[in-house]
Amino acid sequence: MNALFDKLNSAQLDAVKSTEGPVMAIAGAGSGKTRVLTRRMAHLIYNVGVPPHHVLAITFTNKAANEMKSRIAERLNIPTDTLWVSTFHSMCARILRTHIEKLGYERHFQIVDDDDSTQMVKMLLRDMNLDVKLVKPRTLKNHVQKIKAHPELLEDYKEPVRGYLEKIVPAYQRQLKRNNLVDFEDLLLLTIDLFKQHDEVRKYYHEQFQYVLVDEFQDTNDVQYELIRLLVGAHRNLFIVGDEDQSIYAFRGANIENIRRFTTDYPDAKRVLLEENYRSTNTILKAANDVISHNKSRIEKTLYSTKGEGEPIVWFKGYTYRDETEFVAETIRRLVHQGYRYEDIAVLYRANNTSRVFEETMMQKQIPYQVVGNTSFFKRKEIKDMVAYLRLILNPDDNYSFARIVNEPRRGIGQKTVDMLQAFAATEDASMFSRIDDAQTPLKKAATGKLKRFKELITDLRKALENVDFNTFMDTLVEKTGYKEMLQYDDMGDVRLENVMELKTMIAETQNAYRDNDKIDVLTQVLEDIALKSQEDERKDTNVVTLMTLHAAKGLEFRAVFIVALEQGMFPLARSFDSPAELEEERRLMYVGMTRAKEKLFFTSAQQRHLYGEPTSNPDSVFIHEIRDELIRVEGLNKAVTRSYTRPVRTAPPRDADHENDINKGDKINHSVFGRGVVVNVTQDQCVIAFNKDHGIKTLLKNHPSIKKV
DNA sequence: CACCGGTTTATTTTT
DNA sequence: TAAACCGGTG
């Protein structure tokens, strides 16, 4: 026996040792999923003797990838860079850097992020004189991405969106390619194209990746699924780990169905169920099970733990949000007094804007805290500007970057001038940069003069890049562009300049890692990292309370967890009220949040809170009432009130249980949250109910326990 | 072209 | 509340 199998239970051991053929591991929250993944990889390399670079592990976040890499490398005492452990996107970027020329792109292609995509869609909308108010650019961008992945879905759209998409999608794609840019979706789609069109490339990677592991499989979208299918060769050594109950990214295209699809595509797949939880007390697990069992379609599984029963969940309801935040702060105080460290504690909320009131109270009460996942470093304006400069220096024909910084800092080159130049350049299908000196220019002398000076600036900087070292180059860049001077008159100038200098450090580090490469390659690599690793080494303050969204908490664990603002409309969000599918996703989010807690779990809510400046009051979150009474201790406002526990829907045989509620058109019903209503329509498993004016018409799950026939 | 002030709008977001 | 956006004026 060797240490690779230490401290693994039999199910985990099975998952680690079953190396050949397709394997699916269903891993409940806290069941030691990461441990299984890393041990399996180590086992493959160390015991089975597979060379490290023949194993591919795909994760969703850089954080997860890095953690896995370092754990394996440490255990096996090998350098991390021999391992192919990466996100879908960086894996694709890496493959495309070598092969993208086969698809007509240039090797030094740049990656645009979501904000850039939205910006481009917005510009296209304006160019085409389409109404920006009718469809929001952000929303339209999401549709564009969807159509890129699934062109056939265009037919499902109604006017005017359909017409917009028909025009925008090809224009958007043309523009990206023209500027040698790819977006996140392209990274996946182009890799798929590459594999489909070039057998020799595909064969090459089939030989290379003899074993493939995919983490968080429930979060894969259809394109990623396709990519995995193409990637796995005849050996079919594919290992997936997932938990459908933790799928919380459907709004981004994640498709839980992929888990089921896997079982049909690989009917011989071995199945391992990891149900033993190493994280939470049984009280927390039971409560989490209570909540999640209200979801209709799922593979039934019940987590258990050896951590004992633990204490009941405490639900505090205050009059106002002030009571609520103070309860949280005071409880944190008490916990710390009992020996908890600040870093053992997390405050989780559904939407970012909730953090503000908690921050205020934390500050007042002098409790050290950090807010995770606000504006990431690379999304800051000054960094995006610098990136645009760097991209333009690398590729002067990049119109998009050109437009971003041509007048940043102010050079008196306004929108009109840029528009004219763009139109002029478009007639020759050339870049703006290349036509500045053109004799035919329709631009005024003054404007042309300013543009020429700008062009000179960029050309000079390009020379500087080639002739001096990176540190000097970056100094020259902020100096010559006038960016540094601009920041001097900026309130936040100091911080911004510091951020820009941070970039300098990053380039230096990358250069060390790729010492032999030439400057262009190094800079390309830096820009790729910036695009793909958006907030990787967000510096973690030690020993502080963590405030973050429930989404951000996925994969983490804390001794004590507060889930706050548990009110209808706040969590679950109001949007989910009339969509059973969205409500189920909210419920999974609740499940994820609850299972973050190791020892203590707190729910809080307020009778009244300010929303967008207006005082509002909401009923208690349905999720609280989906938990058995004996698991919750009520404090604050509702202390004396009996709670209305709603039993879970039986999930076991959902097939012929349709008559369970036996709701028909015209029936009068009573809903535990919305009150009385009349059924106006019934479909297979849903029904449409008209409630009184406060709630209006809603579509709900027919068999949901919250509905009772009157 | 730049700046001021009124109006509008409001999830989550690994890449 | 707060930030983004638009339209008018200097």
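Refer to the structure above for everything that follows.
Quick caveat, the model's predicted, so the values are computed rather than measured.

A. Here's a closer look at the protein's contact with DNA strand C. Within the structure, DNA strand C sits among Lys 122, Arg 356, Tyr 612 and Gly 613. Restricting attention to atoms of DNA strand C within 4 Å of the protein, one finds that 25% of them are sugar or phosphate atoms. Between DNA strand C and Lys 122, the relevant distance is 3.3 Å, taken from a phosphate oxygen to a side-chain nitrogen or oxygen of the residue. The contact in question runs from a base oxygen of DNA strand C to an N or O atom on the backbone of Tyr 612, over 3.3 Å. Considering only residue class, the surface near DNA strand C consists of 1 nonpolar, 1 polar and 2 charged.

B. The packing of helix 15 (residues 381-394) against helix 18 (residues 445-467), seen in detail. Across the interface, helix 15 lies against helix 18 with an axial gap of 9 Å and an inter-helix angle of 80°. Taken together, the axes of helix 15 and helix 18 are roughly perpendicular relative to one another. Contacts between helix 15 and helix 18 involve Tyr 389, Leu 392, Ile 393 and Leu 394 from the former and Phe 454, Ile 458, Leu 461, Arg 462 and Leu 465 from the latter. Residue composition of the contact of helix 15 with helix 18, grouped by class: 8 nonpolar, no polar and 1 charged.

C. Broad picture of helix 19 (residues 470-480). Among the residues of helix 19, Phe 470, Phe 473, Met 474, Leu 477 and Val 478 are the ones counted as buried. Mapping the buried residues of helix 19 onto a view down its axis gives an arc of 125°, with all of them on the same face. Among the structural elements, helix 15, helix 18, helix 20 (483-488), helix 21 (493-513) and helix 22 (519-532) are those in contact with the buried residues of helix 19. Backbone geometry just downstream of helix 19 places Gly 482 in the positive-phi region, at approximately 85°.

D. The pairing of strand 2 (residues 55-59), seen in detail. Of all 5 residues in strand 2, 5 are buried, a share of seventy percent or more. Taking every second residue as pointing to the same face, both faces of strand 2 are buried, with Val 55, Ala 57 and Thr 59 on one and Leu 56 and Ile 58 on the other. Direction of pairing for strand 2 relative to strand 6 (residues 211-214): parallel, over a ladder of 4 bridges. The partner of Ile 58 across the bridge, within strand 6, is Val 214. In the classification by handedness, the crossover that spans strand 2, the intervening helix 3 (residues 62-76) and the parallel strand 3 (residues 84-87) is right-handed.

E. A look at a negative patch on the surface. On the surface, a cluster of negative charge is made up of Asp 494, Glu 498, Glu 502 and Glu 509. Relative to the assigned elements, Glu 502 resides in helix 21.

F. Examining the pattern of salt bridges more closely. Following the criterion strictly, the structure yields 53 salt bridges and no others. A salt bridge links Lys 301 to Asp 243, with the shortest nitrogen-to-oxygen separation between them at 2.8 Å. Taken together, the positions of Lys 301 in the loop between helix 12 (282-292) and strand 10 (304-305) and Asp 243 in the loop between strand 7 (238-242) and helix 11 (257-265) put the pair 58 residues apart, joining distant regions of the chain. Like Lys 301, the residue Asp 243 is buried in the burial classification. The salt bridge involving Arg 350 is made with Glu 586; its shortest N-O contact spans 2.2 Å.

G. Summary view of the protein's contact with DNA strand B. Surrounding DNA strand B, one finds 32 residues, the nearest of these being Arg 138, Tyr 249, Arg 252, Arg 350 and Gly 414. Side-chain polar atom of Lys 136 to a phosphate oxygen of DNA strand B: 3.1 Å apart, as the coordinates give it. Take Asn 352: an N or O atom from its main chain is 2.8 Å from a phosphate oxygen of DNA strand B. In terms of residue count, the dominant contributor to the surface near DNA strand B is helix 17 (residues 415-427) (3 residues).

Quick notes on the rules
The numbers attached to residues start from 1 for each chain and follow its sequence in the written order. Chains carry letters from A onward and ligands carry numbers from 1 onward, assigned in written order. In keeping with the predicted nature of the model, local features appear solely for residues at pLDDT of at least 70, side-chain atom pairs appear and are counted solely at 80 or more, and the whole-chain, interface and lining totals rest on all residues. The basis for every side-chain value is the complete set of heavy atoms in the structure, and neither hydrogens nor water enter the calculation. Any residue with a non-hydrogen atom lying within 4 Å of a molecule or strand is treated as near it. Each polar contact in these results corresponds to two N or O atoms within 3.5 Å; when the atoms are within protein, one needs to be able to donate a hydrogen and the other to accept it, and residues that are neighboring in sequence are counted only if both atoms are side-chain atoms. Amino acid classes used here: Ala, Val, Leu, Ile, Met, Phe, Trp, Tyr, Cys and Pro are nonpolar; Asp, Glu, Lys and Arg are charged; the rest, including Gly, are polar. Axis definition: a line fitted to C-alpha atoms, over the contacting stretch in the case of helices. Angles run 0 to 180 degrees between N-to-C directions. The numbering of helices and of strands both runs from the N terminus, where a helix is a DSSP run of H or I of at least 4 residues and a strand a run of E of at least 2. Relative orientations are named as follows: roughly parallel for angles under 35 degrees, roughly antiparallel for angles over 145 degrees, roughly perpendicular for angles from 65 to 115 degrees, and oblique for any other angle. Note on contacts: a residue pair is in contact if any heavy atoms of the two residues lie within 4.5 Å. Classification of residues uses two cut-offs on accessible area relative to the type maximum, computed with a 1.4 Å probe and protein chains only: under 20% is buried, over 50% is exposed, and between them is partly exposed. Starting at the helix axis, one direction is taken to each C-beta atom, and the arc is that of these directions. Note: two strands are recorded as paired if DSSP finds a minimum of 2 bridges between them. Seen with its strands pointing away from the viewer, a crossover is right-handed if its path from the first strand over the helix to the second goes clockwise. Only residues whose relative accessible area exceeds 30% and that form no salt bridge are eligible for patches; like-charged ones are grouped when within 9 Å, while nonpolar side chains (Val, Leu, Ile, Met, Phe, Trp, Tyr) are grouped when within 5 Å. Every accessible area reported is derived by Shrake-Rupley at a probe size of 1.4 Å, with residue values counting cover from the shown protein chains alone. By salt bridge we mean one thing: a side-chain nitrogen of Lys or Arg within 4 Å of a carboxyl oxygen of Asp or Glu. For this count, His and the chain ends are skipped, Lys and Arg are scored as positive, and Asp and Glu as negative. In this description, the location of a charge corresponds to atom NZ of lysine, CZ of arginine, CG of aspartate or CD of glutamate.

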